[in-house]
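Each chain is listed here by its residues.
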Amino acid sequence: MFKNYFTTAFRNFWRNKTFSVINVLGLSIGISASLIIFLIVQFEMSYDKVETDGNHIYRVVMDMKFNGNDGHSPAMVAPLSSAIQREITGVEATVPVMQFQGDATAKVSIEKEGSSKPTVFKKQPDIVFTNPKYFSLLPYKWIAGSPESSLKNPFNVVLTESRVKQYFPSTNINDVIGKQIKYNDDFTAIVSGVVKDLNARTSFDGIEFISFATIAQTHLQDDFMMNKWDDWMGYSHLYVKLSKDAKDANVQSQLNHLFVKYNKNANKDAANYIHLHLQPLNDIHFNSLYASFDGRIAHKPTLYGLLAVAAFLLILACINFINLTTANAASRAKEIGIRKTMGSSKKQLIFQFLGETFLFTIAACVISFLIAPLLLKMFADFIPPGLNFQPFNQPNIFLFLLALAIVVSFLSGLYPAFILSGYKPVKVLKNQSFSFSNETRHAWIRKTLTVSQFVIAQFFVIATVMVSKQINYSLNADMGFRKDAIVSFGLPRQDTIASHRSVLLNEVKTIPGVQMASRAFLTPADEGLAYTDISYAGAANDNKESVQLRWGDSNYLKLFNIKILAGRNVDESDTIKEFLINETYSKALGFKRPQDAIGKLLDYNNMKLPIVGVIHDFNEQSFHVPVGPLVFAGFDDRSYIIHVLLQSQNGNNSSWSNTIAQIQKAYHQFYPDEDFTYNFLDDTIAKFYESEQHTASLLSWATGLSILISCLGLLGLVMYTINTRTKEIGIRKILGATVTNIISILSKDFVQLVLIAFVIATPIAWWATYKWLQDFAYKINMSWWVFALCGFSMLMIALITLSIQTIKAALSNPVKSLRTE
């Protein structure tokens, strides 16, 4: 019986090649998108599943308020970990995790036997300082050493197997114990243990572990602020594992009482406080409020959005299948009538048609499976690092495809199966079955489904255009400073010879292709933020501790073309002696005109320093955030970044490359052992909107696929309509109908459906894009013509799709069509 079902299904597939290809292609698109999205979502959702008793593990984070301005940080004050062990109940394990300052990397030197020169790894990542309890949180397998003793003493280090192979490639793993490793030319640690690589997706990303007790025995004691309760290092994190019977709310309350005990200003008032918060382990990978400097955050709404896109594409494909199958029903009416006459039951026919649908879906799944690696390469920018397509190591992929095939077959095939199996054999054999052209009682369902397809497609079109417009506006709008042709590079902070920085700056200025150079702090708009404690006694709201700080030499404002509205530029100095303030800060301090701020004194670091000028506002962050109060100082001592304005390329693409190569040569004259890295300012600004650009790209793909699927369905329906109206078209042409008349008659109903879809999609798309734009402080206007243009474009695409067949039908020879009938 089943063999007969599949034989019939294959014959039907082969007999109706065009409709079969359209159906399989539509289903393949939907299933391929769903498979890739499934891999992404599964990958992200599988984070932090390997930890032992993960539901009892928390990261201690900070929620802050400074003058009513909210702030959040994953960093933690260093002395809290030891205080918890002494004074807090309900905590089973306290695990501090710290990394080296700067970029969280370290210079690692390994002595080589028989060589006087060590092997040097300049910037080794994923090195952490922690205690033995770290290994109680994760299921590490020990090759050498033990979790209880390997990190107990100062100057001990535990390596993962991969690090052992990197540092000691020719040494047996068991012989690594006792080997010495030097860090940053500061201290030497002895290898006391080796563990297998975890190879799991987790927020604990260390692969080289130095004993926490080492910090107290080195200058890192001061660098890591181990005894400071009112300051902290960005790479200082703290994890706790609660006892089985402990309540997180109770432990959190104890933590805050302990924090206030040692930091009296932690709970100053309702507008100025720091509260400690226990962040569940399963929230770390998804919560951007507490994002680490080097951590990658997955955005749950984006993942849910991807699932919605996959669902929409699958729905479009299913609608195509239903429409084409029911529209083509008349061609199989006699077959069904004969089968019923020969004794087939309705149940048997339903199973037969569902089997045919399952065959289509399996074919689509096979195609999707085969092209998945190619799609992962195409969408490499959107694929999380570490995601690989390894189906034979990931049985969930086969289970997902099987489940998808069953669900899609059921959704796509159930309605057509009931329609086809419901024919009355007597009426069918008397040619009284329905057809599309007769507007049967089922036609409105096909129309509704077609409208639904184009509602989804037009929603994607409008959303894509609006998102792209906002991104284009954000990247190209005037931010209040020059951002083109500016490149910046950092100088080593460990260089104690200040003259090196000044001489290098002068060297850079003399390089052909350099228009101007400045030594300063951050660029006007930067991913990093620097706030300073500053106030003005005469203001009702002094914005204390919420004022951004920039500093640099006298060329800084000229290089970035930042205008001075009143007063003068700052004088260069080894210390901060005077300030420029921006318009926003001037107004916040109560000055009606920029000139009124000149000469007023600001309280800074127990000093009263004058305001010597007011500068034009510029966006120091992305357009998500409004311009805030900012001060600028002529401070030289801590200016470790050189900003360079390059001369115009004049059509020569290699000129900037040559100039940067010369800058790099000058840099290495002073710092031969350091890596030269640089960034263009416009690239830095583009990174502000990396997430939005990914969203726009995904929307573009979703739009293209939804239009393709919708047009495939439209093409199939119009082909069937023309086939069933061949005789009518011939008679109309004989009676004098023109080609235009025929095209209009055939296209009218479909054009109406597209227009109805536009009317439905427009308010939905308007609401969605309006809500999305609320995340921007500076945004585009939602112009009516954008919606009209999108609707017109969709109509043109539909007409072009229709014209592929309608023009051909209108130009056909009526005599031939009537003979065929």
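Overview of the structure. (Residues numbered from 1 in each chain as written. Predicted model: local features only at pLDDT ≥ 70, side-chain atom pairs only at ≥ 80, totals over all residues. Heavy atoms only, no water.)

1. Examining the overall build of the chain
Thought 1: For the chain, the count of helices and strands is 24 helices and 26 strands.
Thought 2: Residues classed as buried in the chain amount to 50% of the 821 residues present.
Thought 3: For the chain, the share of sequence-separated contacts (at least 6 apart) that also reach a separation of at least 24 residues comes to 79%.
Thought 4: As displayed, the chain has an accessible area near 38700 Å², and 56% of this comes from carbon and sulfur atoms. (Helix = DSSP H or I, 4+ residues; strand = E, 2+ residues; numbered from the N terminus. Buried < 20%, exposed > 50% of the residue type's maximum accessible area, 1.4 Å probe, protein only. Contact = heavy atoms within 4.5 Å. Areas by Shrake-Rupley, 256 points an atom, 1.4 Å probe, with all protein chains shown as cover.)

2. What about the pattern of salt bridges?
Thought 1: Under the criterion given, the structure shown has 14 salt bridges.
Thought 2: Linking aspartate 53 and lysine 244 is a salt bridge whose minimum nitrogen-to-oxygen distance equals 3.1 Å. With a gap of 191 residues between them, aspartate 53 in the loop between α2 (17-45) and β1 (57-66) and lysine 244 in the loop between β12 (236-242) and α7 (248-262) connect regions that are remote in the sequence.
Thought 3: Overall, aspartate 53 belongs to the partly exposed group, its relative accessible area being 29%.
Thought 4: Residue classification places lysine 244 among the exposed residues on the basis of a relative accessible area of 55%.
Thought 5: Across the pair arginine 593 and aspartate 596 runs a salt bridge whose closest N-O atoms are separated by 3.1 Å.
Thought 6: Within the structure, one salt-bridge network assembled from shared partners comprises Asp53, Glu92, Lys241 and Lys244. (Salt bridge = Lys/Arg side-chain N within 4 Å of Asp/Glu carboxyl O.)

3. A few points about a nonpolar patch on the surface
Thought 1: Together, Ile362, Val366, Ile367, Leu370, Ile371, Leu374, Met378 and Trp701 make up an exposed nonpolar region whose accessible area comes to about 710 Å².
Thought 2: The biggest single contributor to the nonpolar patch is helix α11 (residues 346-378), with seven residues.
Thought 3: You can see leucine 370 is positioned in helix α11. (Patch = residues over 30% accessible without salt bridge, like charges linked within 9 Å, V, L, I, M, F, W, Y side chains within 5 Å.)

4. Some thoughts on the nonpolar core
Thought 1: In this structure, Ile36, Leu39 and Leu401 are the most contacted members of the largest nonpolar core, which totals 53 residues.
Thought 2: Of all the elements in the fold, those that place two or more residues in this core are α2, α9 (300-327), α11, α12 (395-421), α14 (443-476) and α20 (690-724).
Thought 3: With 13 residues, the top contributor of residues to this core is α2.
Thought 4: By size, the runner-up hydrophobic cluster in this structure holds 41 residues, among which are Cys711, Leu714, Phe787 and Cys790. (Core = buried A, V, L, I, M, F, W, Y, C linked by side-chain atoms within 4.5 Å.)

5. Some words on the pairing of strand β21 (residues 579-582)
Thought 1: On β21, burial covers both faces: Phe579 and Ile581 on one face and Leu580 and Asn582 on the other are all buried.
Thought 2: Two strands pair when backbone bridges link them, and β21 and strand β24 (residues 630-633) are joined in this way by two bridges, in the antiparallel orientation. Residue isoleucine 581 lies in a different strand from β24, and its bridge partner there is valine 631. (Pairing = 2+ DSSP bridges.)

6. Things to note about empty space enclosed by the protein
Thought 1: By the definition in use, this model includes two cavities of 30 Å³ or more.
Thought 2: One number sums up the size of the second largest cavity: a volume of about 30 Å³.
Thought 3: Contributing to the lining of the second largest cavity are Met76, Val77, Ala78, Ser81, Pro96, Met98, Ser236, His237 and Leu238.
Thought 4: At the level of elements, β3 (91-98) and β12 are the ones that each hand at least two residues to the lining of the second largest cavity.
Thought 5: Looking at the lining of the second largest cavity element by element, the count peaks at three residues for β12.
Thought 6: Residues of the lining of the second largest cavity, tallied by class, amount to six nonpolar, three polar and no charged. (1 Å grid on protein atoms, 1.4 Å probe; cavity = no way out; pocket = protein on both sides within 12 Å on 5 of 7 lines; lining within 4 Å. Points joined across faces, edges and corners; volume = space filled by probe spheres on them. Nonpolar A, V, L, I, M, F, W, Y, C, P; charged D, E, K, R; others polar.)

7. A word on unusual backbone geometry
Peptide bonds are, in most cases, trans, and in most cases residues other than glycine have a negative phi.
Thought 1: With a phi close to 50°, asparagine 184 is a non-glycine residue in the positive phi region.
Thought 2: With respect to the helices, strands and loops of the structure, asparagine 184 is situated in the loop between β9 (180-183) and β10 (187-195).
Thought 3: Of the residues examined, asparagine 184 reaches a relative accessible area of 27% and is grouped as partly exposed.

8. Observations concerning the packing of aromatic side chains
Thought 1: One pass over the structure, following the stated rule, counts 44 aromatic pairs.
Thought 2: Taking 5.0 Å as the distance between ring centres and 65° as the angle between the ring planes, the aromatic pair formed by phenylalanine 100 and phenylalanine 129 counts as edge-to-face. Remark: phenylalanine 129 occurs in strand β6 (residues 127-130) and phenylalanine 100 occurs in the loop between β3 and β4 (106-110); sequence separation between them is 29 residues. Here phenylalanine 100 and phenylalanine 129 have matching classes, each one buried.
Thought 3: Taking 5.2 Å as the distance between ring centres and 10° as the angle between the ring planes, the aromatic pair formed by tryptophan 766 and tyrosine 770 counts as stacked. Residue tryptophan 766 and its partner tyrosine 770 are both found in helix α22 (residues 739-773); the two are separated by four residues, about one turn of the helix.
Thought 4: Aromatic rings pair up to connect Phe489, Trp656, Tyr667, Phe670, Tyr671, Phe676, Tyr678 and Phe680 into one cluster.
Thought 5: Lysine 300 extends its terminal NZ or CZ atom over the ring of phenylalanine 286, reaching a point 4.8 Å from the ring centre. (Phe/Tyr/Trp six-rings, centres within 6.5 Å; stacked < 30°, edge-to-face > 60°. Lys NZ or Arg CZ within 6 Å of the ring centre and 35° of its normal.)

9. Description of the sheet that holds strand β25 (residues 641-646)
Thought 1: With respect to topology, four strands assemble into an open sheet ordered β16-β25-β15-β26, the strand pairing being antiparallel. Two strands bound the open sheet, and with one partner strand each, they are β16 (514-520) and β26 (678-680). Looking at each pair of strands side by side, their axes are set apart by 20° on average, direction ignored.
Thought 2: The pairing of strand β15 (residues 486-490) with β25 spans five bridges and is classified as antiparallel. Within β25, the position partnered with phenylalanine 489 by the bridge is isoleucine 642.
Thought 3: Relative to the sheet, helix α19 (residues 681-688) contacts β15 and β26, its axis offset from that of β26 by approximately 75°. (Axes fitted to C-alpha atoms, helices over the stretch in contact; angles between N-to-C directions.)

10. Considering the environment of proline 492
Thought 1: Relative to the assigned elements, proline 492 resides in the loop between β15 and α15 (498-509).
Thought 2: Each C-alpha atom, one on proline 492 and one on aspartate 675, is 9.6 Å from the other, the two residues being 183 residues apart in sequence.
Thought 3: Discounting chain neighbours no more than four positions away, the residues touching proline 492 are Tyr640, Tyr667, Tyr671 and Glu674.

11. Regarding the packing of α2 against α11
Thought 1: For the pair α2 and α11, the least separation of the axes is 7 Å and the interaxial angle reads 50°. Considering the angle they form, α2 stands oblique to α11. Between α2 and α11 the crossing geometry is right-handed. Between α2, through Ser20, Asn23, Val24, Leu27, Ser28, Ile31, Ser32, Leu35, Ile36 and Leu39, and α11, the contact on the second element is made entirely by Phe360, Thr361, Ala363, Ala364, Cys365, Ile367, Ser368, Phe369, Ile371, Ala372, Leu375 and Leu376.
Thought 2: Taken together, the residues of the contact of α2 with α11 sort by class into 16 nonpolar, six polar and no charged. (Parallel < 35°, antiparallel > 145°, perpendicular 65-115°, else oblique. Left-handed = near helix turned anticlockwise from the far one by under 90°.)

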